[in-house]
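The lines below spell out each chain.
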Amino acid sequence: MLDIKFIRENIDFVRTKLEERGDAVDLDQFVLMDRKRRDILQEVETLRSERNSVSKEIGARKKSGQDASDIISKMGSVSSRIKELDESLKEIEALLGGLAMTIPNIPHESVVRGTGDEDNPQVRLWGKKPQFDFEPKPHWDIGEDLNILDFARGAKITGARFTLYRGAGALLERALVNFMLDLHTTQHGYTEVFTPFMVNSESMTATGQLPKFEEDLFKVTGTDYYLIPTAEVPVTNIHRDEILDEKDLPVSYVAYSACFRAEAGSYGKDTRGLIRQHQFNKVEMVKFTRPEESYDELEKLTSNAEEVLIKLGIHFRTVSLCTGDLGFSSAKTYDLEAWMPGQDAYREISSCSNFEAFQARRAGIRFRRGENSKVEYVHTLNGSGLAVGRTVVAVLENYQQKDGSVIVPDALRPYMNGVDRIVSNK
RNA sequence: GGAGAGAUGGCUGAGUGGCCGAAAGCGAUCGCCUGCUAAGCGAUUGUACGCCCCAAAAGGUGUACCGGGGGUUCGAAUCCCCCUCUCUCCGCCA
């Protein structure tokens, strides 16, 4: 959510910035309703003020035994007028709030203008494409040939976009989770948390998934609970409606979680393999920072994610999302795209964003600089460190051998119970 | 799932219709005092929204907020209804 006062006072700037994202938002309607809300508010508050003072007078008269019936009856009509105004106020605030909830964040000034992913500038490139003296296979073939990924049974157990991991495949997934968590906690200063995988609608609203993107979520029937699409949701909500101590900032958390996405609108896209699943694992980093340090922290967070790929020896590039490709809540986002030889393509494996105060305002996450300063919103950031399923894809495709086996990257071996090469057990 | 008890400010905790944005204590901050420390004394100590002032900050003023929502009343922390959460006991259970 944007600051309503800021929109009011910088309407043209906001309009221009939102147009760069390619979003059509009816700001005129917004301004109109905002004006109306304040008009009603003023009237109702004046009446309340009158009622408060007269009620005091009634109390005083009754105490001293005087008659107060004349002003009591007068206040009756004032009260019913207040009730009327309260209702229209509630109505307009619901409309205004609803509208405010659907306005996306303003892109940071460093974000280049563009319309889609083809306009995203590359900011870094690490390593190079591995050379193969054979035709590299896509991971779904590698996984099935090694009997470590079972797509057919995943589909039988649940449905499309669910996968059964087996043996060294399951071990590889678990090893990657532990490797990433250990790296971020022991080398990068994050505190590990483990959260619920279901959250209520309030939490989903705070981070921006609701109300606009409900169709992307799985909802638990008969409850107000949703399966989390990312640990960003529960982790950011840890401090919802709290005022943090400045001395604790920046707060950095890392969390493993399963993630659940309905993938509405992605029919036919990435239907094979692990790239686009309804359920996948992810290690997520989340930060709460002072406003002035959030962009430095975004750079750190992004390099923390990159470090995972570097340690695994996987070639990748980092791009900065252009205005047209930016997510709803984000002011600036870096995507890490790992090289996937079996698909002859770079695929997104991490997304690192600075939301500035957008989520903090929705979620009521604030801090105080000193004893006598007023509270301010923190900036929230998050990034995948990394998407585990896609990292499995990257490992399998980049480390595949001519004989069909897969070498385990050095960094992962301490987590693989002595397995340094995955071979077929068929 | 059944029965009961609770939810008040940073914390503890009083408050059953007007004198309550809310006692008291603790904590915190500032000042005083004590040649250090401790003790003592005094003051301050919530958030949101609106309006005024204004370059802005500060300030002034009004309204709202005692778990959430609704109701009764001239007036609700206080009475009534619904919901959520916490605790205790029973049942069930990884």
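Refer to the preceding data block for the structure.
Residues numbered from 1 in each chain as written. Chains lettered and ligands numbered in written order. Predicted model: local features only at pLDDT ≥ 70, side-chain atom pairs only at ≥ 80, totals over all residues. Heavy atoms only, no water.

Draft legend 1. Quick look at the packing of helix α2 (residues 11-21) against helix α3 (residues 27-63). Two elements in contact, α2 and α3, have axes separated by 11 Å at closest approach and are oriented at 145°. The interaxial crossing formed by α2 with α3 has right-handed handedness. Seen from α2, the contacting residues are Ile11, Val14 and Arg15; seen from α3, they are Leu27, Asp28 and Val31. Of the residues in the contact of α2 with α3, the class split is four nonpolar, no polar and two charged. (Axes fitted to C-alpha atoms, helices over the stretch in contact; angles between N-to-C directions. Helix = DSSP H or I, 4+ residues; strand = E, 2+ residues; numbered from the N terminus. Left-handed = near helix turned anticlockwise from the far one by under 90°. Contact = heavy atoms within 4.5 Å. Nonpolar A, V, L, I, M, F, W, Y, C, P; charged D, E, K, R; others polar.)

Draft legend 2. Examining the sheet that holds strand β11 (residues 332-340) more closely. In spatial order, the strands read β1-β10-β11-β12-β15-β9-β8-β4; together these eight strands make up an open sheet with mixed pairing. What marks the edges here is a single partner per strand, and that holds for β1 (122-126) and β4 (191-193). Sheet twist, expressed as the average angle between the axes of neighbouring strands with direction ignored, equals 25°. In the packing of helix α10 (residues 294-312) onto the sheet, the strands contacted are β1, β9 (279-289), β10 (316-320), β11, β12 (345-354) and β15 (379-387), and the crossing angle to β15 comes to about 5°. (Pairing = 2+ DSSP bridges.)

Draft legend 3. Seen up close, the side chain of Gln209. Structurally, Gln209 can be placed in the loop between α8 (201-207) and β6 (225-227). Classification of Gln209 by relative accessible area gives buried; the value is 13%. Residues in contact with Gln209, not counting those within four places in the same chain, are Met204, Glu214, Leu217, Pro229, Thr230, Glu232 and Val233. (Buried < 20%, exposed > 50% of the residue type's maximum accessible area, 1.4 Å probe, protein only.)

Draft legend 4. Structural detail: the packing of α3 against helix α4 (residues 69-101). Running from N to C, α3 and α4 cross one another at 155°; their axes reach a closest spacing of 8 Å. When the axes of α3 and α4 are compared, the pair comes out roughly antiparallel. The element α3 and its partner α4 pack so that their crossing is left-handed. Tallied by class, residues from the contact of α3 with α4 come to 20 nonpolar, three polar and 14 charged. (Parallel < 35°, antiparallel > 145°, perpendicular 65-115°, else oblique.)

Draft legend 5. Here's a closer look at the sheet that holds strand β14 (residues 375-377). With respect to topology, three strands assemble into an open sheet ordered β7-β13-β14, the strand pairing being mixed. Each having just a single partner strand, β7 (242-245) and β14 make up the two edges of the open sheet. For this sheet, the mean angle separating the axes of adjacent strands, direction not counted, is 40°. Here β7 pairs with strand β13 (residues 365-368) via four bridges, running parallel. Directly across from Ile243, in β13, lies its bridge partner Arg366.

Draft legend 6. Spatial organisation of the protein's contact with RNA strand B. Around RNA strand B sit 27 residues, and of these Arg37, Ser55, Ile58, Lys90 and Arg368 come closest. Taking Asn52, its side chain carries an N or O atom lying 3.2 Å from a phosphate oxygen of RNA strand B. In this structure, a phosphate oxygen belonging to RNA strand B sits 2.9 Å away from a side-chain N or O atom of Ser79. Taken together, the elements giving at least two residues each to the surface near RNA strand B come down to α1 (4-9), α3, α4 and β13. No other element matches α3, which puts 14 residues into the surface near RNA strand B. Of the residues belonging to the surface near RNA strand B, the class tally is six nonpolar, six polar and 15 charged. (Near = heavy atom within 4 Å. Polar contact = N/O pair within 3.5 Å; in protein donor to acceptor, adjacent residues only side chain to side chain.)

Draft legend 7. Broad picture of α10. A rise of 1.5 Å per residue sets the reference length of α10, with its 19 residues, at 27 Å; its end C-alpha atoms lie 28 Å apart and thus fit the reference within 8%. Buried within α10 are the following residues: Ser294, Tyr295, Glu297, Leu298, Leu301, Thr302, Asn304, Ala305, Glu306, Val308, Leu309 and Leu312. Downstream of α10 by a residue or two, Gly313 has a phi angle that is positive, lying close to 70°. (Expected span 1.5 Å × (residues − 1).)

Draft legend 8. Structural context of the environment of Thr207. With respect to the helices and strands, the residue Thr207 is situated in helix α8. By relative accessible area, Thr207 is classed as buried at 2%. Ignoring any residue separated from it by four or fewer positions in sequence, one finds Thr207 in contact with Glu232, Val233, Thr236, Asn237, Ser329 and Gln359. Within the structure, the side chain of Thr207 is placed 2.6 Å from the side chain of Gln209, a separation counted as a polar contact.

Draft legend 9. Main features of the environment of Arg35. When you line up the elements, Arg35 lands in helix α3. Residue Arg35 is classed as partly exposed on the basis of its relative accessible area, which comes to 38%. For the pair formed by Arg35 and Arg8, sequence separation is 27 residues and the distance between their alpha carbons is 9.3 Å.

Draft legend 10. Geometry of the packing of aromatic side chains. Summed over all chains, the structure comprises 11 aromatic pairs. Each ring, one from Phe213 and one from Phe328, has its centre 5.3 Å from the other, and the planes form 70°; the classification is edge-to-face. Here the residue Phe213 occupies a position in the loop between α8 and β6, and Phe328 occupies one in the loop between β10 and β11, the gap between them amounting to 115 residues. Put simply, the rings of Phe194, Phe197 and Tyr256 touch in pairs and so form one group of aromatic residues. One Lys or Arg, Lys129, reaches over the ring of Trp339 and ends 4.3 Å from the middle of that ring. (Phe/Tyr/Trp six-rings, centres within 6.5 Å; stacked < 30°, edge-to-face > 60°. Lys NZ or Arg CZ within 6 Å of the ring centre and 35° of its normal.)

Draft legend 11. A look at the side chain of Arg390. Within the secondary structure layout, Arg390 lies in helix α12 (residues 388-398). Glu348 provides the closest opposite charge to the buried, salt-bridge-free Arg390, at an N-O distance of 4.7 Å. (Lys, Arg positive; Asp, Glu negative; His and termini not counted. Salt bridge = Lys/Arg side-chain N within 4 Å of Asp/Glu carboxyl O.)

Draft legend 12. Focus on the pairing of β10. Most of β10 is tucked away, with four of its five residues classed as buried. Looking at chain direction, β1 and β10 are connected through four bridges and run antiparallel. Its bridge partner being in β10, Arg124 is matched across the sheet by Thr318.

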